[in-house]
Amino acid sequence: TQGAAPQLLGFLTLWAVLVIAVARPVWKLEDTANFSNIVGRVIAMDLGGGADIHSQRLAAAALIDSAPEVPTALVVGSGDAFNVVPLTTDRNFIDRYLNVITPDVMPIEGQALPVTVAHSEAVLTRAGVVVGQVVLLTGGAPPSLGDGYVRRWPRVVVVEPGNRDEWVAYANYLGARLVSYDDLTSIINDLEREIERAKNRSDNAACLLYTSDAADE
């Protein structure tokens, strides 16, 4: 299609810039942890708005540090969204890209947060995880609201403390929890609770299966 060519060109441009910057292509770390089909987190960095890149990097680092065993993917967004790092627990690998990402490397201008969120959710869906979380690191003034759409995974919008109130309506529109860069504890706890619930459900299912098999004998 006519729209596919510019998108592909944009992706190749972004990919080339990042590869040159870190001298290591993304596709060499497609292999994730053994439990990647259980839990995953996608950190989506909005580079098309007015977010502070240093705050975004610090927040991403804090989230990764909070659960280093959880496979994390990195997505960047502007007028479109792009995969930068696939789901992985390799912190050094993520840092190599996290440290070179800036708004000026984006091949497409604009701000399409619903596209970025949907793209991030697709990463989790394709991975087949049981517990997932999408964290959108954004800032500046919120964009206008668009048509609503169905949420697939728990969503979080992270903004600067000073303009948190401005983002309430937009976070509600996305069906997302709203937090600020200086207080990530709640979303860290959210993921921990969901992981624990998934483990409990798995244990209960295994117990029921064992009981059923024993009764059949």
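The preceding data block contains the structure.
A. Looking closely at the sheet that holds strand E5 (residues 155-159). Sheet architecture is open: 6 strands sit in the order E3-E2-E1-E4-E5-E6, paired in mixed fashion. The outermost strands of the open sheet, each flanked by one partner alone, are strand E3 (81-88) and strand E6 (177-180). Looking at each pair of strands side by side, their axes are set apart by 20 degrees on average, direction ignored. Sheet strands touched by helix H2 (residues 53-66): strand E1 (39-46), strand E2 (72-77) and strand E4 (131-137). Its angle to E1, the strand with the most contacts, is close to 175 degrees. Running at roughly 160 degrees to E3, helix H3 (residues 91-98) makes contact with E1, E2 and E3 of the sheet.

B. Structural detail: the layout of surface pockets. When its volume is computed, the second largest pocket comes out at roughly 160 Å³. The element contributing the most residues to the lining of the second largest pocket is helix H6 (residues 185-216), with 5 residues. Of the residues assigned to the lining of the second largest pocket, the class counts are 3 nonpolar, 2 polar and 7 charged.

C. Broad picture of the packing of aromatic side chains. In total, this model carries 3 aromatic pairs according to the counting rule given. Between the aromatic rings of Phe-93 and Tyr-97, the centroid separation amounts to 5.3 Å while the plane-to-plane angle is 75 degrees, which identifies the pairing as edge-to-face. Highlighted residues: Phe-93 and Tyr-97, both in helix H3, separated by 4 residues, approximately one helical turn. Each member of the pair, Phe-93 as well as Tyr-97, is classed as buried. Measuring from centroid to centroid gives 5.1 Å for Tyr-170 and Tyr-173, while their planes differ by 65 degrees, and the two rings are edge-to-face. With a gap of 3 residues between them, Tyr-170 and Tyr-173 both fall in helix H5 (residues 168-174), about one helical turn apart. Of the two residues, Tyr-170 and Tyr-173, neither departs from the other in class, the shared state being buried. Taken together, the ring pairs connect Trp-167, Tyr-170 and Tyr-173 into an aromatic cluster.

D. Expanded view of the nonpolar core. Met-45, Leu-137 and Val-158 are the most contacted members of the largest nonpolar core, which has 29 residues in total. Of all the elements in the fold, those that place two or more residues in this core are E1, H2, E2, E3, H3, E4, E5 and H6. Element by element, the count of residues in this core is highest for H2, at 5 residues. For Val-158, the contacting residues outside a window of four places in its chain are Val-135, Leu-136, Leu-137, Thr-138, Val-179, Ser-180, Tyr-181, Leu-184 and Ile-187. Of all hydrophobic cores here, the second largest spans 23 residues; its members include Leu-87, Trp-153, Tyr-173 and Ala-176.

The rules behind these values
Residues numbered from 1 in each chain as written. Predicted model: local features only at pLDDT ≥ 70, side-chain atom pairs only at ≥ 80, totals over all residues. Heavy atoms only, no water. Pairing = 2+ DSSP bridges. Helix = DSSP H or I, 4+ residues; strand = E, 2+ residues; numbered from the N terminus. Axes fitted to C-alpha atoms, helices over the stretch in contact; angles between N-to-C directions. Contact = heavy atoms within 4.5 Å. 1 Å grid on protein atoms, 1.4 Å probe; cavity = no way out; pocket = protein on both sides within 12 Å on 5 of 7 lines; lining within 4 Å. Points joined across faces, edges and corners; volume = space filled by probe spheres on them. Nonpolar A, V, L, I, M, F, W, Y, C, P; charged D, E, K, R; others polar. Phe/Tyr/Trp six-rings, centres within 6.5 Å; stacked < 30°, edge-to-face > 60°. Buried < 20%, exposed > 50% of the residue type's maximum accessible area, 1.4 Å probe, protein only. Core = buried A, V, L, I, M, F, W, Y, C linked by side-chain atoms within 4.5 Å.

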